[in-house]
Every structure is written in C-alpha cells, then in structure tokens.
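Single-letter residue listing:
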Amino acid sequence: MGETEEKPDFVFNRIGRRALGGFYYVGGMTLLLASAVTWTFRGLFTRRVSFRPQALAEQMIRVGVKSLGIVILVQTFIGIIIALQMEPALAEWGQQAMVSNIIGVAGFRMLGPIITAVVLSGFAGASIAAEIGTMVVSEEIEALEAIALNPVRFLVVPRVLATLIMMILLTVVADLMIALGGYVAALTVLGPTVHQGYWDRMSTQLMFSDFYTGLIMSGVFGLLISLIACHEGLQVKGGAEGVGKATTMTVVYSIVAIVMAAVVFTAIFYVFVWN
Amino acid sequence: MTLQPQSVATNQPEGEQPVIRVRDLVKTFDRRVLDGVNLDVHKGETMVIMGGSGCGKSTLLRHLIASLRPDSGGIELFGQDLIKLDHEQLDNVRRRFGILFQSGALFNSMTVGENVALPLREHTSLDDDTIDIMVRIKLELVGMRHAVHLMPAELSGGMKKRAGLARAIALDPEILFYDEPSAGLDPVTSAQIDQLMMDLAKKLGVTTVVVTHEMDSAFRIADRMAMLDKGRMLKVAPRAEFEAIRDADPTGDFTNDLIRQFLRGDSTGPLTSRRKNSGYEEDILDAAGM
C-alpha cells in the first residue's frame, strides 16, 4: 500500500451521497418540468414559437392508442381478480353483494390510475427513454441545438403533454374495464346475489369525487412517467449500454415515484375530499 | 473580459475582423481539456484543426457551436461574444452556421428530405412547395437528390454525411463546421467528401472549420491549419508552413518535431516518447507497493 490510506467508506457517507443524489435528481426533474411548462405556454400564447400540434398527435397515438389494448386486458383481469378475491371474505358476513361497491371504490380511486400508470411506465416511459437516449448517443440532440431547435420544446413538450392527456383518458377506460371485469366474474362465477343489481349498487356507492380524484392522480402519474423518461433519456452517457440503463431506470424510478405520489395524494384526498 | 488580439500571431490580412475569434479558452472536465486556446478564423478561409485523440479538438469544436460553455476565456462568432448571449440571441447566431457531425446525426425518425426541410420549416416562413424545391436544391448540391424519400437507416456512412451536409447548408450558413468528416469512410468516399467540402466552400463562399486527424484530407482542403496538443494550441499557420515542417528533416526543436511526427504518422518521436516515459517509474514503484 502507498502512504496515502484511502478513507474508509462509512455507511453515513454512502447514505449522504445517496440523499444528495436524490436531491440532484429531483432538482433536475423540477428544472425540466419548469422548462417544459415555459415552452408549452410560449407555444400556446406567443406567435414566434409554433406549438406543433402534429407532433403532439403523433405522440398521443404512440403513447395512448398503442397501449389501449394492454390497459383493457390488464384492467379487466384486475376487476375479475378483485371480485374473486373479495367474495369469499365478504360471504362470511353475508355481504357478498357488496363486491360491486368495493370494486367501484377501489377501481375508480386507485387501481384504475395506478395500474394504468405502471403499464404506461413500461410501455411508453421505457420507449421514450430509449428513443431520446438513442438520439443523445447519435448526436441528434446536439444537432437539434445546432439548428437552433430547443430539445425541450421539440422533444420533451409533446411527449409530456401526450402522456399526461393519454394517461387521463386511459384511466377513464381502465375504470370502466375494472367494473366490467368484476361484472364478468359475478356473472360467470359468483352468482345472482352479486350480479343482480351490480351496476345499481356501484353507482349508488360511487361519488363524483371518487372519479375525479382518480383522474387527478392519473394526471400526476402521467407527468411523472414522462418527465422521468425524458430526464433519463437526456442524461444518457456511453453508447448502447447507457440507453439500456436509462430504459431500466425509467421503469424503476417511475414505479417508485408513482407509489410515492399515490401515498401523498391518497393522504391529501383522505383528509380533504373523501371524509 | 478584454480581448487582446495582438497576443496571437496570425498570418492574415490586416484590418479584417475574424469571423471566429477564440481567446484564452479554458475548459476543465476531470482534467484540463482546453488550456488557454487562441484561434482566429477569417471570412472565406478553410481552417483545419488537427491533433491526436483526446487533444481537445472536439471539445474546442463544441465550444464553437455553443454546445459547451467555457470555464473562462472568450468565443466570438460574427463579432458576438457567445458567453454573453441569452438563448434567443444564441439561436440567432446558430442559424448563421451549420455543422456536419461525425455520424451525420440525421434525425432517424424522418426521411432525408424531412431532415433537410426541418430547419427551413422551423426558421423560415416559406410555404411547403418552396421548401420542397429548396430541399431538392440542397440535396442536389451534395449529390443526394435521389435519396429524398429514404430513411437514414437505409443510407451508407458516406451518404449519411452527405445528407447531414445538405441539412447543415439548408439555411445558407456563413460558417460550416465539420467534425471528423473522413472518420469511418473508405479512401475514395473520403476524397469525395473532401471535394464536396471544397466545392461548397467555393460555391457558397462559406468559412469552413474542419476538425480532423486524417492528414491526407487535411492537406487537401486546408488554407490554414492549427495543431492542438494536450489542450494547447501548438501552431497556427498556412498550409504551406505545415507542409514544409512535414517534408523537412528533424531539427531537434521539440514542437516542430512533435508536429512532424503527427503529420507524417511516424511511430517514434517526441509524441510517443513523451507518452511512454511519463510516470513509468512511479507506476512500477506504486504497483510494487513501495
């Protein structure tokens, strides 16, 4: 060993580094969000920056329309699963008819938004990160800047807006599919106590606030997924390996961010809306 | 910061303001990549910046196109200090130059024609028909009119560079930057790209800045040449002076011998002996734990 001993890497050092890294990450995301919002407003309200509705439409098709099938499939199954899981437990109390009430509340408030978000983070988030990351590697981002086109305006804004809008629309579909999945399970397996008056009980149980709080959450999830994907993509270093890492990390960070946001918003809605 | 043009020796006509002026440029990443670089490029000339891998020439180019900001020093394009400009002013400067990246950097989601059309669509108020005509004119200039509907993935390396060049000249730039234009090309294609660069310089009257380590290509196209080494500008001189150094015998002058070794591509000389000897003993002692 040489004369300069390396300092031991204490646990606290590592925790500190992680925490700092986390702050940097959130800071970078916030700056990206601020920049995206600024460019959106400049695009909408000033003449000199065109809004590019065609790019937005392209991204909405890529993010939304292409994941529609998967969302329908997954959410129908989720509806079936909850119905089959809840019925025996409720039957002990003679309350199996309440399956539809539970599916309504759980689906509209949380499962519709959150499962759709998880699907979309794998489907759209990963592909956005890979696409932008590849553009970084092949010097396309630098080329955009060199022809005086801002990458945030040109790439990030249409992707963030498209994910936000499509996430909300897909959640509406998801809510309905969960309810439908429960009904299918009731109709085929659970019997008339559950499926007779299924829709009536659900609509009596549900309030408009159940619906819109879910949509607010899904909007937040959409924002998080797209910002994380763009941020990861733009940060890519070191060729194809970097792109692969960005894609993986997008899904990981997105899911963590989605769950964290879900906790925060559930707490807020619990205190201010649902009670 | 004040600029002191007299501190740099240039062999240029008196009185004319350089189009590009770099003063005492310093940039540090994990080590000092640019260490007080000075350079003037004059209107209409072709300047070749050369140097070995990691000498800082790509970093210098990225400063010139405002893609990196220096730690200190000044970069002027068209008399405007890039560091003092806000985003909008910077974009106005960017519209006045074009760059051909090493890989061509075509947007892979668009056809060749759409690539060339993009700057025209975004920065001019021309209608679609006029843009279509302009795109064909630019592609014809680089001999790629037949490829207007092809996707970048369908093109060879040389064709990608040509298409990238067509996009770079879309807005009729006053300066054209080239990053390693011969890299990854066969000798014939490389010579064709050189010819194209010279044609464009002549036809369009643009100022040309080329970063390369391909000496054949450098001597073909350069009016003046600049040699970077370890982040420092060793020499800026007309091509003839570099040719004289290349063809002369070693003089014992370290700088000249180093340049000569680079220009000739010799395997022995000051460049390599410096690389071989530095830190060798320390390294061995360190490995032995002493």
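The structure we're discussing is the one just above.
Residues numbered from 1 in each chain as written. Chains lettered and ligands numbered in written order. Predicted model: local features only at pLDDT ≥ 70, side-chain atom pairs only at ≥ 80, totals over all residues.

A short note on the overall build of chain A
Right, on to step 1. Counting its secondary structure elements, chain A contains nine helices and zero strands.
Right, on to step 2. When the helices and strands of chain A are placed in sequence order, the string is α-α-α-α-α-α-α-α-α.
Right, on to step 3. Taken along its principal axes, the extent of the C-alpha atoms in chain A is 75 × 60 × 35 Å.
Right, on to step 4. For chain A, buried positions account for 43% of its 275 residues.
Right, on to step 5. In chain A, of all internal contacts separated by at least 6 residues, the share reaching a separation of at least 24 is 87%. (Helix = DSSP H or I, 4+ residues; strand = E, 2+ residues; numbered from the N terminus. Buried ≥ 20, exposed ≤ 12 C-beta atoms within 10 Å, placed from the backbone. Contact = placed C-beta atoms within 7 Å.)

Some words on the pairing of strand E3 (residues 46-50) of chain B
Residue and element names in this part refer to chain B.
Right, on to step 1. Burial runs high along E3: five of the five residues are buried.
Right, on to step 2. Side chains Thr46, Val48 and Met50 of E3 all project onto a buried face; the interleaved residues Met47 and Ile49 project onto the opposite face, where all are buried too.
Right, on to step 3. For E3 and strand E9 (residues 224-229), the ladder comprises four bridges, and the chain directions are parallel. The partner of Ile49 across the bridge, within E9, is Ala226. (Pairing = 2+ DSSP bridges.)

As for the interface of chain A and chain B
Right, on to step 1. Taken residue by residue, the interface counts 12 residues in chain A and 15 residues in chain B.
Right, on to step 2. The residue makeup of the side of chain A that touches chain B, split by class, is six nonpolar, two polar and four charged. (Nonpolar A, V, L, I, M, F, W, Y, C, P; charged D, E, K, R; others polar.)

A look at unusual backbone geometry
All names here are of chain B.
Right, on to step 1. One non-glycine residue, Ala66, lies in the positive phi region at around 65 degrees.
Right, on to step 2. Its place among the elements puts Ala66 in the loop between helix H1 (57-64) and strand E4 (72-77).
Right, on to step 3. The class of Ala66 is buried, set by 20 C-beta atoms lying within 10 Å.
Right, on to step 4. Its identity is not glycine, yet Asp172 carries a phi of approximately 50 degrees, on the positive side.
Right, on to step 5. Relative to the helices and strands, Asp172 is located in the loop between helix H5 (157-168) and strand E7 (175-179).

Things to note about the nonpolar core
Right, on to step 1. With 144 residues, the main nonpolar core has B:Ile49 and B:Phe177 as its most contacted residues.
Right, on to step 2. Take this core: its biggest share by element is 19 residues, from helix H5 (residues 151-190) of chain A.
Right, on to step 3. Sequence-distant contacts of B:Ile49, defined by excluding residues within four places in its chain, comprise B:Lys57, B:Leu60, B:Val209, B:Val210, B:Val211, B:Ala226 and B:Leu228. (Core = buried A, V, L, I, M, F, W, Y, C linked by C-beta atoms within 7 Å.)

A look at the packing of helix H3 (residues 99-137) of chain A against H5(A)
All names here are of chain A.
Right, on to step 1. Close contact between H3 and H5 brings their axes to 7 Å; oriented N to C, the two are set at 140 degrees. Here H3 is positioned oblique relative to H5, judged by the angle of their axes. Helix-helix and strand crossings are classified by hand; for H3 and H5 the assignment is right-handed.
Right, on to step 2. Grouping the amino acids of the contact of H3 with H5 by side-chain chemistry returns 19 nonpolar, eight polar and two charged. (Axes fitted to C-alpha atoms, helices over the stretch in contact; angles between N-to-C directions. Parallel < 35°, antiparallel > 145°, perpendicular 65-115°, else oblique. Left-handed = near helix turned anticlockwise from the far one by under 90°.)

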